[in-house]
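# Architecture at a glance
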Amino acid sequence: MSTAGKVIKCKAAVLWEQKKPFSIEEVEVAAPKAYEVRIKMVATGICRSDDHVVTGHLFTPLPVILGHEGAGIVESIGEGVTAVKPGDKVIPLFIPQCGKCTICKHPEANLCSPKVHPGTMQDGTTRFTCRGKPIHHFASTSTFSEYTVVDEISIVKIDAAAPLEKVCLIGCGFPTGYGSAVKVAKVTPGSTCAVFGLGGVGLSVIIGCKAAGAARIIGVDINKGKFAKAKELGATECINPEDFQKPIHEVLMEMSGGGVDFSFEVIGRLDTMAEALSCCHEAYGVSVIVGVPPVSQNLSVDPMLLLTGRTWKGALFGGFKSKDSVPKLVADFMANKFPLDPLITHVLRFEKINEGFDLLRSGKSIRTVLTF
Ligand code: CND
Ligand code: ZN
């Protein structure tokens, strides 16, 4: 029996309060309104940005259904939707692409400007209810639910043959890292790169640096357990800042003969953002901020670092225009142009979401994929 047009009751992981476990609840998911799409989720990765909301490092209104790295199948569509139809395999997009705004029309930019009210659909309301209370959406995606509703500008159709339990990583972690190397930094052949943070996003930066032909890729992490995988994916050396007496940017400058060509901060800390900028070579070094900084905090740096020719940049989703890039990246994955399997260390049933977050927090996992 078709569920189109009806409220669906299903399970979702609700975060009621900061610093508390997720609670698996029965929620009601309203039918999609005009230009909205309801998706049956098949798989979702766990990204540190989701955990940043739990800890309060990243702000979004609570209670909320988190998750922004998912893949699923369209269950039903609202009036006027033309981008997808029921049965299509899709990836929800945490950066939309409306195609009409000034930013979408800019050839290089990707931060589509329709301003999503934090925690709701484009129209300012929510489609989730639990125990009679409205539950907020997160990043236009909310993939930690058996069913979710997204705006048409925040969804794209992908190849019908794509394995959703793998390509869900193309919803966030992989493009964010890979694009930061190939598109934002524009890593050049023969260059030296330093990657701070060797989680799912940092390892994807390494895959991008290698694809761009970097000669040296130095991984930096305080968890030595991350080094073997980083080397498997292309890091030529890995160092732990805790093994040195001096600041890590000095160590990197010595290792690289004056500074690296490209550096990436893929942790989300102010001190490592400053270290990553400082380890770049004067006159031409480029440093890219990928990690999400703690909410409302400022970073003080010596502007002489920029005056003397270093470039400091940052980007969401690896600078990729989401609707244009996601289906192409899925096709590239299917053509074996890059791997995703090494990034997926754990696969758990969705109900075990709290176990998945414990694995991330203890540094034991790269990506845990939850399946529905
Ligand atoms: P994950 O937690 O898996 O990796 C971070 C790594 O950093 C871990 O291996 C840690 O051991 C390491 N680390 C922690 N502290 C330090 C330190 N002081 N020095 C060196 N290494 C350290 O996170 P992830 O890979 O899922 O995400 C990384 C960041 O990227 C995180 O801040 C996340 O919120 C952000 C991000 C950004 C975007 C974007 O669009 N720019 C999208 N998704 C995630
Ligand atoms: Zn993410």
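Presented here is a report on the structure given in the accompanying data block.

Cut-off values and rules
- Residues numbered from 1 in each chain as written.
- Chains lettered and ligands numbered in written order.
- Predicted model: local features only at pLDDT ≥ 70, side-chain atom pairs only at ≥ 80, totals over all residues.
- Heavy atoms only, no water.
- Helix = DSSP H or I, 4+ residues; strand = E, 2+ residues; numbered from the N terminus.
- Buried < 20%, exposed > 50% of the residue type's maximum accessible area, 1.4 Å probe, protein only.
- Lys, Arg positive; Asp, Glu negative; His and termini not counted.
- Salt bridge = Lys/Arg side-chain N within 4 Å of Asp/Glu carboxyl O.
- Polar contact = N/O pair within 3.5 Å; in protein donor to acceptor, adjacent residues only side chain to side chain.
- Contact = heavy atoms within 4.5 Å.
- Pairing = 2+ DSSP bridges.
- Axes fitted to C-alpha atoms, helices over the stretch in contact; angles between N-to-C directions.
- Donors = N, O, S within 2.8 Å, 3.2 Å for Na, K, Ca; no water.
- Tetrahedral: all angles 85-135°; square planar, octahedral: opposite > 155°, others 65-115°.
- Near = heavy atom within 4 Å.
- Areas by Shrake-Rupley, 256 points an atom, 1.4 Å probe, with all protein chains shown as cover.
- Nonpolar A, V, L, I, M, F, W, Y, C, P; charged D, E, K, R; others polar.

Turning next to the side chain of Glu265. The topology assignment puts Glu265 in strand S13 (residues 262-265). Nearest to the buried, unbridged Glu265 among oppositely charged side chains is Arg269, at 6.2 Å. Reaching out from Glu265, the side chain makes a polar contact with the backbone nitrogen of Arg269 at a distance of 3.1 Å. Residues contacting Glu265, with those up to four places away along its chain left out, are Phe196, Thr272, Met273, Ala276, Val288, Ile289, Val290 and Gly291.

Strand order in the open sheet formed by four strands is S1-S2-S6-S7, and the pairing between neighbours is antiparallel. The sheet is open, and its two borders are formed by strand S1 (8-14) and strand S7 (133-135), each paired with just one other strand. Strand-to-strand, the axes of this sheet are offset by a mean angle of 45°, without reference to chain direction. As paired elements, S1 and strand S2 (residues 23-29) share seven bridges and run antiparallel to each other. For Lys9, the partnering residue across the bridge sits in S2 and is Glu28.

Quick look at the coordination of the zinc ion (ligand 2) now. Protein coordination at the zinc ion (ligand 2): the donors are Cys47 (SG), His68 (NE2) and Cys172 (SG), at 2.1 to 2.4 Å from the metal. Around the zinc ion (ligand 2) sit four donor atoms; with metal-centred angles ranging over 84 to 141°, the donor geometry is irregular. The sequence pattern formed by the donor residues of the zinc ion (ligand 2) is C-x20-H-x103-C. You can see Cys47 sitting in the loop between strand S3 (36-45) and helix H1 (48-55) and its partner Cys172 sitting in the loop between helix H3 (164-167) and helix H4 (173-185), a full 125 residues away along the chain. Take Cys172: its relative accessible area is 4%, and that puts it in the buried class.

Around ligand 1 there are 29 residues in total, and Arg48, Ser49, Asp221, Ile267 and Arg367 lie nearest to it. Taking Phe317, its main chain carries an N or O atom lying 2.8 Å from an oxygen atom of ligand 1. Here an oxygen atom of ligand 1 sits 2.8 Å away from a polar atom, N or O, in the side chain of Arg367. Considering ligand 1 on its own, with 870 Å² of exposed area, one finds that the protein chains cover 92% of that surface. Of all the secondary structure elements, the ones that give two or more residues to the shell around ligand 1 are H1 and helix H5 (200-211). With three residues, H1 is the single largest residue contributor to the shell around ligand 1. Grouping the constituent residues of the shell around ligand 1 by class yields 14 nonpolar, 10 polar and five charged.

No statement about biological role is implied by the geometric values presented.
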